[in-house]
Amino acid sequence: MAERLLQASRQRRVKAMTAAAGSAGRTVVPLLLCALLVPGGAYVLDDSDGLGREFDGIGAVSGGGATSRLLVNYPEPYRSQILDYLFKPNFGASLHILKVEIGGDGQTTDGTEPSHMHYALDENYFRGYEWWLMKEAKKRNPNIILMGLPWSFPGWLGKGFNWPYVNLQLTAYYVMTWIVGAKHYHDLDIDYIGIWNERSFDINYIKVLRRMLNYQGLDRVKIIASDNLWEPISASMLLDSELLEVIDVIGAHYPGTHIVKDAKLTKKKLWSSEDFSTVNSDVGAGCLGRILNQNYINGYMTATIAWNLVASYYEQLPYGRCGLMTAQEPWSGHYVVESPIWVSAHTTQFTQPGWYYLKTVGHLEKGGSYVALTDGLGNLTIIVETMSHKHSKCIRPFLPYFNVSHQFATFVLKGSFSEIPELQVWYTKLGKPSTRFLFKQLDSLWLLDSSGTFTLELQEDELFTLTTLTTGGKGSYPLPPKSQPFPRIYKDDFDVDYPFFSEAPNFADQTGVFEYFTNIEDPGEHRFTLRQVLNQRPITWAADAYNTISIIGDYKWSNLTVTCDVYIETPEKGGVFIAGRVNKGGILIRSARGVFFWIFANGTYRVTGDLAGWIIYALGHVDVTAKTWYTLTLIIKGRFSSGMLNGRYVWTNIPVSFPKNGWAAIGTHSFEFAQFDNFHVEATS
């Protein structure tokens with residue numbers, strides 16, 4: 001029997017030597033062949049002297065902000081397919097961690113996400129889509145780690161100040177209710193909670209939050225801080241023993257694979273709690289491949305979390321297509337499984353949180369790096385990357401030059417790994433289409449006759465995973481529908497009695513929050529509307545506008561007619577608008593240009609060339625008051641625009657030379673209640 005096994009091993013070894021890389025044309029051969037061809041250094045993988053740090057996982061961020069906005073509107077089966085590529089084990093990215101924004105009503109990069117508490121006495125745990133997303137992730141991977149982090153906060157917490165630490169108990173209570181609500185209403189256990197994304201932390205607040213969580217029986221919820229830089233949080237922890245005790249993880253953003261001395265001295269877990277943020281081309285994939293290895297090698301970071309999960313927002317918003325994959329067309333069903341999905345899979349499919357890095361990890365002699373992880377039960381996963389400088393630049397920080405060149409890398413398995421008979425091999429080559437491969441399984445590598453030694457021939461921009469696990473898989477579905485522009489004729493009457501989501505499809509709130517609303521006292525045409533529900537400016541994270549605005553449509557639209565019924569709720573000071581050719585959004589929303597048609601409860605109208613109202617094209621009086629429905633129509637054609645109130649022209653042929661194109665939009669003059677109904681846009685070009 002033993003003889004037959006050895007003979008089979010030798011036959012498999014010959015096969016590995018001659019066709020180890022399959023159709024990919026790569027060479028994965030035992031040392032005995034390569035040692036005769038090239039000197040090259042040997043890299044020992046050994047657990048005899050113990051193991052390195054515990055691995056905590058690879059994940060991604062939904063939010064910060066509104067990055068998953070369009071995903072929820074996708075029709076089935078495409079929405080489920082996208083979710084499978086992100087979360088389903090051994091299928092695609094197979095993420096270990098999902099980090100979501102705790103909606104705070106403010107603009108947080110690409111839009112606003114609604115708070116579960118708009119007002120002091122208000123609680124609603126069904127707003128937005130992060131609850132739904134976490135449940136879908138858990139459905140696919142019950143072991144996925146869930147994290148929550150605020151970017152903005154509802155204004156009432158600040159008591160007149162743009163600051164969340166005015167009342168520490170109140171802010172801690174607000175965050176605690178989100179965690180409790182996740183469990184009570186959605187059966188979701190939040191594992192980690194953050195402080196304030198990329199903004200100041202308050203030492204006393206962190207302590208108050210820990211005490212409040214413990215008091216509520218949430219001892220198992222860990223605190224990560226401060227989701228900014230390594231300092232000053234690390235030094236603060238070293239100087240304050242109580243702070244050191246209550247913080248479980250130090251999370252830094254875009255660390256460039258490096259840490260500071262103080263962070264290591266805390267002896268806490270170190271995470272890159274937001275990273276990547278790069279267009280999901282092959283360069284973005286190269287960035288991700290490099291940092292997933294080198295965040296640990298250079299900086300002892302045991303988790304890396306990519307911003308963002310899926311580029312599911314209008315592409316012309318800031319950081320378009322900076323997700324692991326792209327899903328920005330719910331109207332067509334089109335999506336793209338981008339290369340960062342498969343780069344993630346090289347690590348995520350062959351490791352799990354709770355595995356350990358080996359101490360023997362490092363850089364390759366001629367550029368690139370390698371890590372190895374084990375579950376302590378005999379399994380071993382090795383990830384080797386050779387991402388070139390040119391093809392692995394992340395959006396931030398600056399990447400000092402380095403060189404990667406053709407090399408032969410010999411690996412020697414020692415300790416408990418010396419008897420491993422076989423390694424599965426997965427391969428990615430980024431770059432030219434003619435030589436490009438994404439997460440391709442090659443023939444396995446047999447080691448029985450090579451004393452646990454093997455050599456890889458490595459070129460630039462490659463990823464190899466060698467693993468004892470046989471469960472990896474490259475999932476696939478039939479191609480989704482072809483890409484289509486946003487429909488040129490689009491209508492929404494908001495007549496939804498029990499909406500599954502709080503926001504209307506395709507509307508992307510950029511300041512303020514627009515939600516489905518039921519007028520209990522109006523049995524007629526306007527029983528179901530879309531309502532702007534904030535009456536107070538939030539504690540902002542970005543430069544929110546002073547007006548509220550929600551955009552929709554195709555950024556390329558130039559000639560269009562927008563019609564909408566509007567209802568001002570605030571007497572005297574209230575005002576609403578409809579707009580076209582809106583050219584900016586996200587963190588740039590305050591400086592948005594376009595054509596804006598406003599009416600006010602004081603009986604005036606205004607036409608402006610910008611959201612802020614500095615560029616005035618026309619103004620005058622109209623018969624308008626609060627608490628009455630009106631129909632506004634905005635017509636933009638070429639270099640001219642006109643506007644109608646209840647079907648009658650208020651102004652005609654006003655010249656509008658800039659901008660040439662942009663989204664349609666609705667909004668209010670300030671943070672005030674107002675309603676919208678029977679939205680209709682027709683674009684001719």
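In this text the structure is predicted, and so the values were computed from the model without any measurement.

Further remarks concern unusual backbone geometry. In this structure, the amide linkage connecting Ala-225 to the following residue, Ser-226, adopts the cis form with an omega of 0°. With respect to the helices and strands, the residue Ser-226 is situated in strand β8 (residues 222-228). With omega at -5°, the peptide bond leading from Phe-658 into Pro-659 counts as cis. Tracing the chain through its elements places Pro-659 in the loop between β35 (648-655) and β36 (663-668). Its identity as a non-glycine residue notwithstanding, Tyr-254 has a phi of 50°, on the positive side. Structurally, the position occupied by Tyr-254 is in the loop between β9 (249-253) and α9 (261-265). One non-glycine residue, Phe-439, adopts positive backbone phi at about 50°. Examined against the element boundaries, Phe-439 turns out to sit in strand β20 (residues 437-446).

Strand pairing in a sheet relies on backbone hydrogen bonds, with the paired strands running either antiparallel or parallel. The strand order across the open sheet formed by seven strands is β24-β27-β36-β29-β30-β31-β32, and the pairing between neighbours is antiparallel. Strands at the two margins of the open sheet, each flanked by one partner only, are β24 (508-511) and β32 (616-621). Strand-to-strand twist across the sheet, computed as the mean angle between neighbouring axes with direction ignored, equals 20°. The pairing of strand β31 (residues 604-610) with β32 spans five bridges and is classified as antiparallel. Across the sheet, Thr-604 pairs through a bridge with His-621, a residue of β32.

Right, let's talk about the packing of aromatic side chains for a bit. The final tally for this structure, using the stated rule, is 49 aromatic pairs. When the centroid spacing of 5.3 Å and the interplanar angle of 90° are considered together, the rings of Trp-163 and Tyr-165 count as edge-to-face. Judged by relative accessible area, which is 36%, Trp-163 ranks as partly exposed. Take Tyr-165: its relative accessible area is 6%, and that puts it in the buried class. Grouped by ring-pair contacts, the aromatic residues Tyr-85, Phe-91, Tyr-335, Trp-342, Phe-350, Trp-426, Phe-439 and Tyr-477 constitute a single cluster. A cation over a ring is seen here: Arg-396 above Tyr-254, with NZ or CZ 4.4 Å from the ring centre. Lying across the ring of Trp-342, Lys-474 places its NZ or CZ 5.2 Å from the centre.

What follows concerns the side chain of Asn-559. Tracing the backbone shows Asn-559 in the loop between β27 (548-552) and β28 (560-568). Separated by 2.9 Å, the side chains of Asn-559 and Ser-685 make a polar contact. Setting aside residues up to four positions removed in sequence, Asn-559 forms contacts with Arg-581, Ile-636, Lys-637, Gly-638, Glu-682, Ala-683, Thr-684 and Ser-685.

Going through the model one piece at a time under the given rule, you end up with one disulfide. Residue pairing for Cys-287: its cysteine sulfur links by disulfide to Cys-394, the two sulfurs lying 2.1 Å apart. Because the torsion about its S-S bond is 100°, the bridge between Cys-287 and Cys-394 counts as right-handed. Placement of the pair is Cys-287 in helix α10 (residues 282-299) and Cys-394 in the loop between β17 (380-385) and β18 (407-413), with a sequence separation of 107 residues.

Turning our attention to the pattern of salt bridges. The final tally for this structure, using the stated rule, is 19 salt bridges. The partner of Glu-136 in a salt bridge is Arg-140, with the nearest N and O atoms 2.8 Å apart. Taken as a pair, Glu-136 and Arg-140 lie in helix α4 (residues 130-140) at a separation of four residues, close to a single helical turn. Both residues of the pair, Glu-136 and Arg-140, count as buried. Ionic pairing is found between Lys-183 and Asp-187, a salt bridge with its closest N-O pair at 2.9 Å. Judged by relative accessible area, Lys-183 falls into the partly exposed class, the value being 38%. By relative accessible area, Asp-187 is classed as exposed at 57%. Each of the salt bridges in this network shares a partner with another, and the network as a whole consists of Asp-84, Glu-136, Lys-139 and Arg-140.

All right, on to the sheet that holds strand β5 (residues 97-102) then. A barrel is described by the order of its strands in space; here eight strands give the closed sequence β4-β5-β6-β7-β8-β9-β10-β11, paired in parallel fashion. Each of β4 (57-62), β5 and β6 (145-150) touches α4; the most contacted strand, β5, lies at about 170° to it. Sheet contacts for α10: β4, β10 (269-276) and β11 (303-307); angle to β10, the most-contacted strand, approximately 165°.

Extensive coverage of β28 is indicated by the burial of eight of its nine residues. Relative to strand β33 (residues 629-637), β28 runs antiparallel, the two being bridged by eight bridges. When the bridges of β33 are listed, Val-566 appears paired with Tyr-630. Note that β28 and strand β37 (residues 674-683) share eight bridges and pair antiparallel. Paired with Tyr-567 across the two strands is Gln-675, which belongs to β37.

Its location among the elements puts Gln-294 in helix α10. Looking at Gln-294, its side chain comes within polar contact range of the side chain of Glu-385, at 2.9 Å.

The periodicity of an α-helix, 3.6 residues per turn, causes residues three or four places apart in sequence to face the same way. Among the eleven residues that make up α4, eight are buried, leaving the element largely enclosed by the rest of the structure. Those residues of α4 lying buried are Glu-130, Trp-131, Trp-132, Leu-133, Met-134, Glu-136, Ala-137 and Arg-140.

Turning our attention to a nonpolar patch on the surface. Judged by side-chain polarity, Phe-161, Trp-163 and Val-166 come together as a nonpolar surface patch covering roughly 300 Å² of accessible area. Of note, Trp-163 is situated in the loop between β6 and α5 (168-186).

Domains assigned within the protein chain are domain 1 (51-467) and domain 2 (489-684). Using only C-alpha atoms to locate each centre, domain 1 and domain 2 end up separated by 37 Å. Every contact between the two is made by 45 residues of domain 1 and, on the other side, 36 residues of domain 2. Summed over both partners, the interface of domain 1 with domain 2 buries about 3100 Å², with 56% contributed by carbon and sulfur atoms. For the domain 1 face of the interface with domain 2, the top three residues by lost area are Arg-69, Gln-107 and Tyr-314, together amounting to 22%. Linking domain 1 to domain 2 there are one salt bridge. Salt-bridge contacts for Glu-515 lead to Arg-127; the nearest nitrogen and oxygen are separated by 3.3 Å. Summed over the shared surface of domain 1 and domain 2, the result is 21 residue pairs in polar contact (both at pLDDT 80 or more).

Turning to the UniProt feature "domain: Glycosyl hydrolase family 59 C-terminal lectin" (unreviewed entry) in the protein chain, a few remarks are in order. Within this structure's numbering, the places UniProt gives as "domain: Glycosyl hydrolase family 59 C-terminal lectin" (unreviewed entry) are residues 509-683. The span residues 509-683 is 0% helix and 54% strand, and its two end C-alpha atoms sit 21 Å from each other.

Relative orientation of the contacting elements helix α3 (residues 78-87) and α4 amounts to 65°, with a least axis distance of 10 Å. Both α3 and α4 take part in a crossing whose hand is right-handed. Where α3 approaches α4, its residues Arg-79, Ser-80, Leu-83, Asp-84 and Phe-87 are matched on the opposing element by Trp-132, Leu-133, Glu-136, Ala-137 and Arg-140.

Reading the values: rules and limits
- Residues numbered from 1 in each chain as written.
- Predicted model: local features only at pLDDT ≥ 70, side-chain atom pairs only at ≥ 80, totals over all residues.
- Heavy atoms only, no water.
- Helix = DSSP H or I, 4+ residues; strand = E, 2+ residues; numbered from the N terminus.
- Pairing = 2+ DSSP bridges.
- Axes fitted to C-alpha atoms, helices over the stretch in contact; angles between N-to-C directions.
- Phe/Tyr/Trp six-rings, centres within 6.5 Å; stacked < 30°, edge-to-face > 60°.
- Buried < 20%, exposed > 50% of the residue type's maximum accessible area, 1.4 Å probe, protein only.
- Lys NZ or Arg CZ within 6 Å of the ring centre and 35° of its normal.
- Polar contact = N/O pair within 3.5 Å; in protein donor to acceptor, adjacent residues only side chain to side chain.
- Contact = heavy atoms within 4.5 Å.
- Disulfide = S-S within 2.5 Å.
- Salt bridge = Lys/Arg side-chain N within 4 Å of Asp/Glu carboxyl O.
- Patch = residues over 30% accessible without salt bridge, like charges linked within 9 Å, V, L, I, M, F, W, Y side chains within 5 Å.
- Areas by Shrake-Rupley, 256 points an atom, 1.4 Å probe, with all protein chains shown as cover.
- Domains from an automatic or database assignment.
- Buried area = accessible area lost by both parts, 1.4 Å probe.
- UniProt positions renumbered as here; feature names shortened; annotations may be inferred.
- Left-handed = near helix turned anticlockwise from the far one by under 90°.

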